[in-house]
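Geometric and topological summary
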Amino acid sequence: MTIHNSEIAAAFYKLANLLGIEGANPFRVRAYRNAARIIEGLTKSVAELITQGENLTDLPGIGNDLAKKITVLVETGKFPLLKETETRIPPVLNELLKIEGLGPARVKLLYKKLKIKNINDLKTAIEKGRVRKLARFGEKIEKKILQGILHREQYVTRAKLVDTISTVTALTHYIKNIKGVEKVECAGSFRRHKETVGDLDMVVAGSLGKKIIDHFIQFEEISEVISHGSTRSTVRLRSGMQVDLRVVPKKSYGAALLYFTGSKDHNIALRKIAVRKKLKMNEYGMFKYKKQLAGNTEEEMYRQIGLPYIEPELRENRGEIEAAQQDKLPKLITLNDMRGDLHCHTTATDGAAQLETMAKIAEEYGYEYLAITDHSKHLTIAHGLNKKTLWQQIKQIDKLNHQLKKIIILKSIEVDILENGSFDLPPDILKELDLRICSIHSNFHLSSEEQTNRIKRAMDNPLFNILAHPTGRLINRREPYTFNIEQVMHAAKERGCILELNAQPDRLDLNDLYCKAAKEIGVKIAISSDAHSTNQFAYMHYGIFQARRGWLTKNDVINTQPLSNLKKLLKR
DNA sequence: ACCTCCGCAGGTAAGCAGCTGCCGCTGCT
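These figures come from a predicted structure and were not determined experimentally. (Residues numbered from 1 in each chain as written. Chains lettered and ligands numbered in written order. Predicted model: local features only at pLDDT ≥ 70, side-chain atom pairs only at ≥ 80, totals over all residues. Heavy atoms only, no water.)

So, the overall build of chain A
Helix and strand counts for chain A stand at 24 helices and 18 strands. Here chain A has a C-alpha radius of gyration of 27 Å; the compact-globule value for 572 residues is 25 Å, and the two agree. For the C-alpha atoms alone, the extent of chain A along its principal axes is close to 80 × 65 × 50 Å. Across the 572 residues of chain A, 52% fall into the buried class. Once local pairs closer than 6 in sequence are excluded, the contacts in chain A between residues at least 24 apart make up 68%. As presented, chain A carries roughly 27900 Å² of accessible surface, and 50% of it is formed by carbon and sulfur atoms. (Helix = DSSP H or I, 4+ residues; strand = E, 2+ residues; numbered from the N terminus. Rg over C-alpha atoms; globule rule 2.2 N^0.38 Å. Buried < 20%, exposed > 50% of the residue type's maximum accessible area, 1.4 Å probe, protein only. Contact = heavy atoms within 4.5 Å. Areas by Shrake-Rupley, 256 points an atom, 1.4 Å probe, with all protein chains shown as cover.)

Here it is as C-alpha cells:
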C-alpha cells in the first residue's frame, strides 16, 4: 500500500505540534508545519513523485533534510524523529491543541505541572479547581476551555454558503440599527463567496465601540459570549456558528474590510508589497511612518500599493496579485450575463413543477432559452423517461414552443452514463434532441482508471454534449468519485464537450479550482441550476459565485451566449 | 528547518486585541 499525501502531512503536523509543546525552535516547528501544508495541497502523490525520481527539494519549503525524511517515510513507512519525539512528549497531547484557548505553551504547563494528558484529565482538573491555580490560566480562559471541550465535536464542519445567508441578513440588519453604527458588512469567506463558511466576520464602522459591542451581545440568537472588549467581540450563535465583530473608525473601514475579507494568504501577499514600498499595512489603514495614506475604502488601499481593485472572490493568492500587477485581471462573469439555463427537471421525473410552469418562470427570469433535462430511464430514484415517454415530451415541447413568445425550450435529457460508458437510451431517440447532458449516478466506486475511461468512452459518442456535475461530490456529505479529472478535461477539449458547473448549493460541481483549470485547458463551461422546482432557478446565483472564484468570464461560459452561438458551441 | 542572485549570516508575514497579570500566549485575517 502506498502512503497517501494526507498521511504524510498528518505525520508532519503531529511532529510539529509535539515539538511545539516541547518548546523547540519555533522556526523549525514552522518548517515542519509548512511542509505538511505543502504536501497536503499537492495534486500529485508524493509517493509517485519519488518513484518517478523527481527531486522533492524542488517543492517550496522542502529542503534536503525534509526531502530525506519524507523519502524514508514513503519507502519504509518509518519516521524515526517522530517516534523519538513521542518518547519525550506523549502523542495524545496533540488532541489538547485542538481545544480553543490552548496552544503549545499552555498544554506544556498542563502536562508538566498537572500531568494532564487528555481531555478527560483536563476536565477533571478544571472541576477540582487545579487549573486556575496555574500561571496564565484565569477565569475566562478556563471557561473558554470548558466550552471548547463541550463543543469540540459539534462544530467541525463548515456551513454551506447557502445556509448562512439568512443569519447574515438578520445580523446585518440588527447591527445596522445599533446607535453609532455607520456601516456594516459581513467579510471573511462569506464575502469571498466560498462554498463553505467557517465563521462570520462582521466589520462595523462607527464610534463608541464599547457601546456598540454592549448592544451587539444582546442579539437574541447569541448562545454564548466568548469575548467582548471595546473594539472586538466573539460570540457563538445557537446554530453553533461563531461570529466575530470588529468595530473601527470610519476612516479605517476599507482597511478593516480588506483585512477581514482575507484570505489570509492574499493579505500576506499584499503586505509584502506594502513592506517593499516601506509602508505599514494593517486593519486601520496604509501608513507611511505615522501618516495615514489610505483606509477609507478598499480601492484606496489597493491603489496605494499600485494595484487595481481585486474582487473578493479572487482573493486567494492564486495568481490574482500577479495578474493585477500586469493589468490582466479577468472581467468576472455576473448573473446578468446569463441568457439561459441548461439543466432542470419537471414532474415528468423528479421535479416539482410542470413543464409549462418551468418554462413560464424561466421566461420571467428573462432567459432566452431553457433546456428541459429530465432523467433517463436508468435512474432508480425517479421514474426516468423511456423512449416512449421522452418522445411524448418532445412533442409537448414542440407544441409549447409555438405558444411561447420570448423563450425557446430546448429538447434535452440528463442521460445516464452506464458502467461501460454507454448511454441508457438508444441513439435514434437521443439524436432527436437539441442537446444531451450526461452524468454518472451509479458505480461510484470504480478504480480511478476505470472511472476515467468510462467517462472518456462516453465522450467518444458524438451525442455527448455536457458532462453534468462532473465530480459527483456533495458538500459535507459525499466525496467526489475517484477519477483523473485532468485527463477528462483534455478529452472534453479534444472532442468539443462541455463541462457543467452545477449550481445546486450542495453540489457546486465543478468547484472553483477545477473551473480555473478548465479555463486554462480551454474547456467551455455551462453554469446550470439543475432546478427541481421553479424557485430553484435562483440557485444560478451560487453557480455564478463559484464561477467567479474560478476566474470565469462571460466568454468561458456557453449559456451567456445567444441561442445561435450556443448552438455553434455545442456542435461537435 | 528553509531560503537567500553569495549563505561562513540572518530572517522567517505582520500586526493587533483580549486575557492575564505587567510579558507572553492565543487567535484572527
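Let's talk about the environment of Tyr13
Position of Tyr13 among the secondary structure elements: in helix H1 (residues 5-22). Note on Tyr13: relative accessible area 23%, which makes it partly exposed. Tyr13 sits 64 residues away from Gly77 along the chain, and the two C-alpha atoms are 16 Å apart. When sequence neighbours within four positions are dropped, the list of residues in contact with Tyr13 reads Arg33, Ala36, Arg37 and Glu40.

Concerning the domain arrangement of chain A
By domain assignment, chain A separates into domain 1 (5-155), domain 2 (161-325) and domain 3 (335-570). When each unit is reduced to the centre of its C-alpha atoms, the spacing between domain 2 and domain 3 is 37 Å. At the interface, 16 residues of domain 2 touch 14 residues of domain 3. Looking at the side of domain 2 facing domain 3, the largest losses of area belong to Glu195, Glu313 and Arg318, adding up to 47% of the total buried there. Where domain 2 meets domain 3, there are eight residue pairs in polar contact (both at pLDDT 80 or more). Put simply, the parts of the chain that give the side of domain 2 that touches domain 3 at least two residues each are helix H10 (161-176) and helix H16 (320-325). The element best represented in the side of domain 2 that touches domain 3 is H10, accounting for three residues. (Domains from an automatic or database assignment. Buried area = accessible area lost by both parts, 1.4 Å probe. Polar contact = N/O pair within 3.5 Å; in protein donor to acceptor, adjacent residues only side chain to side chain.)

Brief notes about the environment of Lys264
Along the chain, Lys264 turns up in helix H14 (residues 264-276). Using a relative accessible area of 65% as the deciding quantity, one classes Lys264 as exposed. Through-space distance from the C-alpha of Lys264 to that of Arg315 is 8.9 Å; in sequence the pair is 51 residues apart.

Re the environment of Tyr542
Turning to its location among the elements, Tyr542 is positioned in helix H23 (residues 540-549). Along the backbone, Tyr542 and Leu97 are 445 residues apart, and their C-alpha atoms lie at a distance of 35 Å. Filtering out sequence-adjacent residues up to four positions away, Tyr542 remains in contact with Leu161, Val162, Ile165, Ala503, Pro505 and Leu508.

Thoughts on a positive patch on the surface
There is a patch of like positive charges on the surface, built from Lys108, Lys112, Lys115 and Lys117. Structurally, the position occupied by Lys115 is in the loop between helix H7 (104-114) and helix H8 (119-127). Classification of Lys115 by relative accessible area gives exposed; the value is 57%. (Patch = residues over 30% accessible without salt bridge, like charges linked within 9 Å, V, L, I, M, F, W, Y side chains within 5 Å. Salt bridge = Lys/Arg side-chain N within 4 Å of Asp/Glu carboxyl O. Lys, Arg positive; Asp, Glu negative; His and termini not counted. Charge placed at Lys NZ, Arg CZ, Asp CG, Glu CD.)

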